[in-house]
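# Report on the structure
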Amino acid sequence: MSLDVSPQLLEKAQQGEIDDQAFVECIRTSLPYAWELISGLVARLQVDGGEFADNLTPPPDEQARGQLLRVLASDAMRGSLERYFGMKLAFQNCHRVAVFPAEGTEAYDRFITAREQILNQSPELRDC
């Protein structure tokens, strides 16, 4: 299961749409490793500036890796986090998450190319 959904949130969803704030809170509590990684990258970009901030450290275990994959593979979760943080998320391999201040920048457009994906490969990440 991707998210730990409270009975109250489930009831709210059954009655109609839920707002991003409630959904983001569900993501934050359900996927703490993914939340900490992404929010830390956002903070780093805001403090240090630059074109983007990214993570090059593999997750500590399979549970953490699973959290990262789930949050970034879900259009709903990824979109909510992008709106919440006001950043564009990009993803390579099993752990290289990057945050960008906006979509369509030169750095973002370069990061999401097939070339960059190929250049970011290594034998130790083959099975991640």
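Residues numbered from 1 in each chain as written. Predicted model: local features only at pLDDT ≥ 70, side-chain atom pairs only at ≥ 80, totals over all residues. Heavy atoms only, no water.

On to the packing of aromatic side chains, then. Summed over the entire model, instances satisfying the criterion amount to 7 aromatic pairs. On the basis of an interplanar angle of 40° and a centroid distance of 5.3 Å, the ring pair of W35 and F85 is categorised as tilted. Within this pair, whereas W35 is found in helix 3 (residues 32-48), its partner F85 is found in helix 5 (residues 75-85), the two being separated by 50 residues in sequence. What makes W35 buried here is its relative accessible area of 12%. (Phe/Tyr/Trp six-rings, centres within 6.5 Å; stacked < 30°, edge-to-face > 60°. Helix = DSSP H or I, 4+ residues; strand = E, 2+ residues; numbered from the N terminus. Buried < 20%, exposed > 50% of the residue type's maximum accessible area, 1.4 Å probe, protein only.)

Quick look at the pairing of strand 3 (residues 96-100) now. Judged by how many residues are buried, strand 3 sits mostly within the fold: 5 of 5 residues are covered. The side-chain alternation of strand 3 yields two buried faces, one formed by R96, A98 and F100 and the other by V97 and V99. In the sheet, strand 1 (residues 53-54) pairs with strand 3 via 2 bridges, with the strands oriented antiparallel. The partner of A53 across the bridge, within strand 3, is V99. Two strands pair when backbone bridges link them, and strand 2 (residues 88-92) and strand 3 are joined in this way by 5 bridges, in the antiparallel orientation. Among the inter-strand pairings, F91 is bridged to a residue of strand 3, identified as V97. (Pairing = 2+ DSSP bridges.)

In this section: the pattern of salt bridges. Following the criterion strictly, the structure yields 8 salt bridges and no others. The shortest N-O distance in the salt bridge between R44 and D54 comes to 3.9 Å. Taken as a pair, R44 in helix 3 and D54 in strand 1 lie far apart in primary sequence, 10 residues in all. Take D54: its relative accessible area is 15%, and that puts it in the buried class. Between R96 and D54 there is a salt bridge, and its shortest N-O distance comes to 2.8 Å. (Salt bridge = Lys/Arg side-chain N within 4 Å of Asp/Glu carboxyl O.)

It is at 5 Å that the axes of helix 4 (residues 62-73) and helix 5 come closest, and there the two elements cross at 85°. Of the possible angle classes, the one that applies to helix 4 and helix 5 is roughly perpendicular. Of the residues in helix 5, those touching helix 4 at R70, V71, L72 and A73 are D75, M77, R78 and L81. Residues of the contact of helix 4 with helix 5, tallied by class, amount to 5 nonpolar, no polar and 3 charged. (Axes fitted to C-alpha atoms, helices over the stretch in contact; angles between N-to-C directions. Parallel < 35°, antiparallel > 145°, perpendicular 65-115°, else oblique. Contact = heavy atoms within 4.5 Å. Nonpolar A, V, L, I, M, F, W, Y, C, P; charged D, E, K, R; others polar.)

This part takes up the confidence of the model for the protein. A low pLDDT score tells you not to read the predicted coordinates there in detail. With 91% of its residues at a pLDDT of 70 or more, the protein shows a mean pLDDT of 89. Mean pLDDT per element in the protein: helix 7 (residues 114-119) is the minimum at 76, and helix 3 is the maximum at 97. (pLDDT = per-residue confidence, 0-100.)

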